[in-house]
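# Commentary on secondary and tertiary structure
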Amino acid sequence: MSEATFFLLTFILYILAAVCYFVFLFSKKEGSAKAGFTLAFLGLLLHTLALILRTVESGHAPFTNMYESLSFLAWSSVLAYLIIEWKYRVRRAGAYFLLIVIAFMALASSPLMPKEAAPLVPALQSYWLWLHVSVTLIGEAFFAVAFITSIMYLRAEAREKRGRMSGTGPSAEKLDSISYLAVAVGFPLFTLGGLVFGMAWAYKAWGSYWSWDPKEVWSLITWFVFALYLHTRIVMGWKGRRSAVIAIIGFLAAMFTYFGVNYLLSSLHSYV
Amino acid sequence: MKALFHFFTSVRLAIVLLIIIIIASVLGTLIPQGRSAEEYLVRYGQLGGILERLRFTRLYQSFWYISLLASLGLNIVVCTLTRLTPKIRRGFRPLVEADPKNIQALKIKERFRLTVEPGAAKEAVKKELARRRYRIKESTSEGRISLLARKRVFGWFGSDIVHMGLLVILTGGVVSGLFGLKQSLSFVENQTLPVLEANFSIRLDRFITEYYPNGSVRDWKSDLTVIEAGRPVRQKTIEVNHPLTHQGYVFYQSGYGWDWQNPTLQIWAKKSSDPSYLRKLSVKVGEKVALEEENLKVSAVRFLPDFVLDEKRQPGTRSLEPNNPAAFIEGWKGEERIFSGWIFARYPDFSRLHGAKEPDLSFELKDTKAPQYSVIQISKDPGVPFIWVGCSLLMAGLFLAFYWPTREVRLVIEESGGKSEVTAGGISAKSQEAFRQEFSDLMSAARKTT
């Protein structure tokens with residue numbers, strides 16, 4: 001079977017997992033959430049195979065164009081989510097989170113994204129490609145988890161304010177602390193992959209570690225937003241609504257760094 | 001006044017600065033940087049001048065943006081220093097004694113009674129703590145036993161190490177800005193060029209472009225020789241991502257190009273009356289070559305690698321890539337010019353020769369060759385070591401702060417009627433959720449042992 005087949009099967013499994021999680025939202029039966037988790041996990045395994053096949057077929061890291069990197073981002077998002085769910089039991093987040101994953105997968109398979117494995121341009125021929133892109137995207141995947149749990153927090157908080165208990169769903173407080181945990185895992189990874197490895201590679205390839213290129217500035221902006229999140233929270237004791245809003249802005253900034261800069265601003269960094 | 005001083009040494013200032021820097025940086029990416037005044041005028045009209053005066057058009061080099069970063073750096077210094085001394089004391093020489101009232105004020109806490117006397121209760125609790133890898137300090141006063149149990153104390157200093165790392169990175173940025181050198185050199189093969197402010201020069205021995213089977217570029221490689229006092233001292237092939245470092249100077253393969261001032265053109269002459277007639281001419285721009293039996297001389301007057309007609313219908317070149325090579329040729333019989341016109345390598349049908357007195361002859365531009373030059377970027381940046389040291393500190397600090405969270409448990413055991421009254425509380429700046437779990441496990445285990 002080819003990489004495309006594995007990719008398609010993965011996509012189907014993620015959709016089925018999302019369906020199970022949505023059934024869980026309404027039926028509140030643990031069983032369907034567990035089915036969702038299992039399907040997402042199977043999807044992750046097939047996805048891993050797809051990425052390995054892609055690497056073998058193309059002979060280089062599986063994130064050198066938009067299709068590949070979106071697929072890798074979807075993979076790391078599922079990984080990040082499954083880790084968080086397994087450790088902290090936030091099953092209701094599954095339905096919403098898989099929507100993001102499906103969006104990544106759908107974008108990756110859209111006809112706008114060229115899928116052929118092109119040979120690597122000279123600037124990308126470096127082991128830094130592996131380090132820089134994979135660690136950054138895994139960090140961003142944890143920001144995606146924080147994004148979803150923060151949105152859920154805002155809804156849960158509004159519900160609790162109106163005096164209704166959140167039913168079987170996690171309490172607002174729990175969502176808030178899970179958002180923080182996701183940021184706490186993602187932030188060091190994003191710093192390492194996006195900024196530190198990015199600077200190291202830029203120095204190796206272009207001769208300067210920092211050139212104020214829009215992609216660089218936007219990853220710095222993303223980093224500053226999450227630094228703001230951490231300082232307001234740890235030092236000034238902000239929690240809840242304000243923290244959630246900053247985490248949401250942070251993820252949107254990360255996504256703008258990833259997509260927006262390529263399509264809207266002119267950048268040195270025009271590979272992916 | 002005191003309030004003002006307080007603000008300038010507070011984290012609140014850091015937060016205000018972060019917000020301003022974020023907004024300014026966003027604007028800096030939306031406004032194209034470093035363009036000409038005319039371009040801004042076209043793009044923004046009147047606003048263009050204002051943006052330029054406020055330095056939004058060269059934001060990241062502007063005084064005010066750099067001042068913002070410097071203020072943030074200064075704030076980090078002040079905030080870290082004012083917190084560091086008490087933090088070190090608390091980290092290495094902590095006060096073990098505690099007041100049950102203060103413990104009761106903690107978020108994570110528990111109070112329970114054990115049916116043994118305090119000495120035995122203490123041992124039981126200590127055993128449970130040690131099992132979870134806590135290091136324990138104890139002190140007894142006024143019949144009250146205080147225990148301080150902690151683990152991963154180093155995690156506590158993570159944020160300080162992060163901040164030191166950031167300061168070292170900022171210092172590196174300043175050093176780069178003040179003392180960094182940059183130069184871009186274009187070499188043709190066998191050319192030797194001196195390096196700015198250095199006592200050596202660089203010779204390009206060979207430059208090659210490697211291609212993939214589909215025709216796209218695989219790599220550019222330059223064989224460089226370092227020459228000191230006229231003698232070659234070092235040789236290395238550099239390619240993209242693999243620079244050469246010599247005496248603190250780093251040489252990068254940054255680009256390539258063709259010297260289109262000196263191309264050699266392959267021109268084929270054909271005759272419509274005689275399909276077997278073919279003469280291959282090799283012409284340099286500015287030269288005339290003879291087409292013997294026709295008693296004709298052909299000269300190449302001009303060459304354009306990427307032919308295009310501009311608004312005034314004048315020929316020009318769109319780029320320096322050979323996308324649409326075209327040559328202007330002339331035919332001479334003695335002193336008389338008998339034809340002239342453009343011929344195109346990619347579009348032979350578009351070739352037009354004017355005033356042709358030899359309508360039987362046609363010319364095709366088959367191939368164009370120009371000496372290729374290699375563009376080499378040279379940089380000497382004494383700020384770089386600071387950056388790597390700073391980044392290492394930054395990462396070590398972040399991993400300590402987030403993946404090595406300090407946990408602290410304080411217990412006070414008091415005697416009441418031969419039994420023990422235990423007050424316990426826990427502090428963990430990060431990973432509250434996990435700590436809460438561990439704390440409650442610990443407490444229930446402590447209760448069970450007695």
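Here the structure is a predicted model, which is why all the values come from computation and not from measurement. (Residues numbered from 1 in each chain as written. Chains lettered and ligands numbered in written order. Predicted model: local features only at pLDDT ≥ 70, side-chain atom pairs only at ≥ 80, totals over all residues. Heavy atoms only, no water.)

## Overview of the pairing of strand β21 (residues 407–416) of chain B
Residues and elements named next belong to chain B. For clarity, the threshold we go by: Working definition: with a 1.4 Å probe on protein chains only, accessible area under 20% of the residue-type maximum means buried, over 50% means exposed, and in between means partly exposed. Per the convention used, a helix needs a DSSP run of H or I reaching at least four residues, while a strand needs a run of E reaching at least two, with both numbered from the N terminus. Only strands joined by at least two bridges in the DSSP assignment are considered to pair.
Burial runs high along β21: 7 of the 10 residues are buried. As defined by bridge partners, strand β3 (residues 144–151) adjoins β21 across 8 bridges and the pair is classed as antiparallel. Looking across to β21, one finds that Arg144 is bridged to Glu414. Here β21 pairs with strand β22 (residues 419–427) via 9 bridges, running antiparallel. Looking at β22, one finds that Val409 is bridged to Gly426. Between the end of β21 and the start of β22, which pair antiparallel, lie 2 residues, with Gly417 showing a positive phi angle near 60 degrees.

## Some details on the pattern of salt bridges
Opposite charge on two side chains makes pairing possible when the charged atoms of those side chains draw close. All names here are of chain A. Rules: In what follows, salt bridge is the name for a side-chain nitrogen of Lys or Arg lying within 4 Å of a carboxyl oxygen of Asp or Glu.
Scanning the model with the defined rule gives 31 salt bridges over all chains in all. Across the pair Glu85 and Arg91 runs a salt bridge whose closest N-O atoms are separated by 3.5 Å. On the basis of relative accessibility, which here comes to 1%, the residue Glu85 falls in the buried class. Residue Arg91 is classed as buried on the basis of its relative accessible area of 13%.

## Points about helix α8 (residues 158–179) of chain B
Note the cut-off: Expected helix span is taken as 1.5 Å per residue step, with the number of steps being one fewer than the number of residues. Contacts were defined at the residue level, with two residues in contact if any of their heavy atoms lie within 4.5 Å.
With 22 residues, α8(B) ought to run about 32 Å at 1.5 Å a step, and its terminal C-alpha atoms sit 31 Å apart, in line with that. Taken together, the buried positions of α8(B) are B:Gly158, B:Asp160, B:Ile161, B:Val162, B:His163, B:Gly165, B:Leu166, B:Ile169, B:Gly172, B:Val175 and B:Ser176. The inward-facing, buried residues of α8(B) abut α7 (214–234) of chain A together with α5 (63–92) and α9 (384–403) of chain B.

## Focus: the side chain of A:Arg91
All names here are of chain A. Put simply, the test is: Whenever a nitrogen or oxygen atom comes within 3.5 Å of another N or O atom, the pair is scored as a polar contact, on the condition that within protein one atom can donate a hydrogen and the other can accept it, and that pairs from neighbouring residues in sequence are kept only if both atoms are in side chains.
As for its position among the elements, Arg91 is in the loop between α3 (66–88) and α4 (93–109). A distance of 2.3 Å separates the side chain of Arg91 from the side chain of Glu30, its partner in a polar contact. Setting aside residues up to four positions removed in sequence, Arg91 forms contacts with Tyr21, Phe24, Glu30, Ala33, Lys34, Tyr81 and Glu85.

## Considering the packing of aromatic side chains
Defined as follows: When the centres of two rings from Phe, Tyr and Trp lie within 6.5 Å, Trp using its six-membered ring, the rings pair. Their planes under 30 degrees apart give stacked, over 60 give edge-to-face, and anything left gives tilted. Note on criteria: charge over ring means Lys NZ or Arg CZ within 6 Å of the ring centre, with the direction from the centre no more than 35 degrees off the ring normal.
A full pass over the atoms with the stated rule returns 40 aromatic pairs over all chains. Summarising the aromatic geometry, the rings of A:Tyr81 and A:Phe97 are spaced 5.2 Å apart at their centres and angled 15 degrees between planes, so their arrangement reads as stacked. Of the two residues, A:Tyr81 sits in helix α3 while A:Phe97 sits in helix α4, which places them 16 residues apart along the sequence. No difference in accessibility class separates A:Tyr81 from A:Phe97, as the two residues are buried. By the ring-pair criterion, three or more aromatic residues cluster together here, those being B:Trp220, B:Tyr256, B:Trp258, B:Trp260 and B:Phe303. Here the basic side chain of B:Lys87 rests over the ring of B:Trp156, its NZ or CZ set 5.7 Å away from the ring centre. Seen from the ring of B:Trp268, B:Lys366 lies directly overhead, with NZ or CZ sitting 4.7 Å from the centre.

## Looking at the sheet that holds β22(B)
Residues and elements named next belong to chain B. The test is simple: Only the stretch in contact is used when fitting a helix axis, every axis being a line fitted to C-alpha atoms; angles between N-to-C directions are given from 0 to 180 degrees.
Taken in spatial order, the 5 strands of this open sheet run β1-β22-β21-β3-β2, and their pairing is antiparallel. Looking at which strands have only one partner, the edges of the open sheet turn out to be β1 (108–114) and β2 (135–141). Between one strand axis and the next, the sheet turns by 15 degrees as a mean value, whatever way the strands run. Each of β1, β2, β3, β21 and β22 is contacted by helix α7 (residues 118–131), which is oriented at about 165 degrees to β21, the strand it contacts most.

## Regarding the interface of chain B and chain A
Note the following rule: Buried area is a sum: the accessible area each of two parts loses on coming together, probed at 1.4 Å, counted once for each and added.
Taken residue by residue, the interface counts 51 residues in chain B and 46 residues in chain A. The junction of chain B with chain A conceals about 4100 Å² of combined surface from both sides, 74% of it contributed by carbon and sulfur atoms. By the criterion of area lost to chain A, the three top residues of chain B are B:Thr29, B:Asn241 and B:Phe402, representing 15% of everything that side buries. At the boundary of chain B and chain A, one finds 0 salt bridges.

## Quick look at the pairing of strand β7 (residues 217–228) of chain B
Residues and elements named next belong to chain B. When strand β6 (residues 200–211) meets β7, the two strands line up antiparallel, connected through 11 bridges. Bridged to Tyr211 within β7 is Val217. Taking the residues that link successive antiparallel strands as the turn, the β6-β7 hairpin has 5 residues, and the phi of Gly215 there is positive, at about 95 degrees. Sheet topology note: the β7/strand β8 (residues 231–239) ladder contains 8 bridges and is antiparallel. Looking at the pairing, Thr225 lines up with Gln235 of β8.

## Here we look at the packing of helix α5 (residues 127–161) of chain A against helix α8 (residues 240–264) of chain A
All names here are of chain A. The condition is simple: In this scheme the crossing of two helices becomes right-handed for a clockwise turn of the near helix relative to the far one and left-handed for an anticlockwise turn of less than a right angle. Classes in brief: Ala, Val, Leu, Ile, Met, Phe, Trp, Tyr, Cys and Pro nonpolar; Asp, Glu, Lys and Arg charged; the others, Gly included, polar.
Axis separation between α5 and α8 bottoms out at 8 Å; the angle between their running directions is 145 degrees. Seen from above, α5 lies across α8 with left-handed handedness. Residues Leu137, Glu140, Phe143, Ala144, Phe147, Ser150, Ile151, Tyr153, Leu154, Glu157 and Lys161 of α5 touch α8, and the partners they reach there are Gly240, Arg241, Ala244, Ala247, Ile248, Phe251, Leu252, Ala254, Met255 and Tyr258. Broken down by class, the residue content of the contact of α5 with α8 amounts to 15 nonpolar, 2 polar and 4 charged.

## Focus: helix α6 (residues 172–206) of chain A
Residue and element names in this part refer to chain A. Rules: To get the bend at a residue, fit one axis to the 7 residues ending there and another to the 7 starting there, then take the angle between the axes.
Maximal helix bending in α6 amounts to about 30 degrees, located at Gly198. Counting buried positions along α6 gives 30 out of 35 residues, so the element sits mostly inside the fold. Once α6 finishes, Gly207 follows within two positions and takes phi at roughly 85 degrees, a positive value.

## A look at the confidence of the model for chain B
In low-pLDDT regions, the fine details of the predicted coordinates are not to be read closely. Residue and element names in this part refer to chain B. Note the threshold: Along the chain, pLDDT gives the predictor's confidence residue by residue, from 0 to 100.
Residue-level pLDDT values for chain B average 88, and 98% of them are 70 or greater. No element of chain B has a lower mean pLDDT than helix α1 (residues 2–8), at 78, and none a higher one than α9, at 96. Both scores are available for the predicted complex, with the pTM at 0.86 and the ipTM at 0.93.

## Quick notes on the sheet that holds strand β19 (residues 361–369) of chain B
All names here are of chain B. Across the sheet, 3 strands lie side by side as β12-β11-β19; this open sheet has antiparallel pairing. Two strands close off the open sheet at either side, each with one partner strand: β12 (278–284) and β19. With strand direction ignored, the average angle separating the axes of adjacent strands in the sheet is 25 degrees. For strand β11 (residues 264–271) and β12, the ladder comprises 7 bridges, and the chain directions are antiparallel. Note that in β12 the partner of Gln266 across the bridge is Ser282.

## Let's talk about unusual backbone geometry
Residue and element names in this part refer to chain A. Here Lys28, not a glycine, exhibits a phi torsion of approximately 60 degrees, which is positive. Tracing the backbone shows Lys28 in the loop between α1 (3–27) and α2 (30–58). The partly exposed category is assigned to Lys28, whose relative accessible area is 43%. In the Ramachandran plot, Arg89 falls in the positive-phi region, its phi being about 50 degrees despite a non-glycine side chain.

## Section: the packing of α1(A) against α4(A)
Residue and element names in this part refer to chain A. For the record, the criterion: Just so you know how the angles are binned, under 35 degrees is roughly parallel, over 145 roughly antiparallel, 65 to 115 roughly perpendicular, and the rest oblique.
The geometry of α1 relative to α4 is characterised by a closest axis approach of 9 Å and an angle of 155 degrees between their N-to-C directions. One finds that α1 runs roughly antiparallel with respect to α4. Crossing geometry of α1 relative to α4 is assigned as left-handed. Every residue of α4 that contacts α1 at Phe7, Thr10, Phe11, Tyr14, Ile15, Ala17, Ala18, Tyr21, Phe22 and Leu25 is listed here: Gly94, Ala95, Tyr96, Leu98, Leu99, Val101, Ile102, Met105, Ala106, Ala108 and Ser109. Classifying every residue of the contact of α1 with α4 gives 18 nonpolar, 3 polar and no charged.

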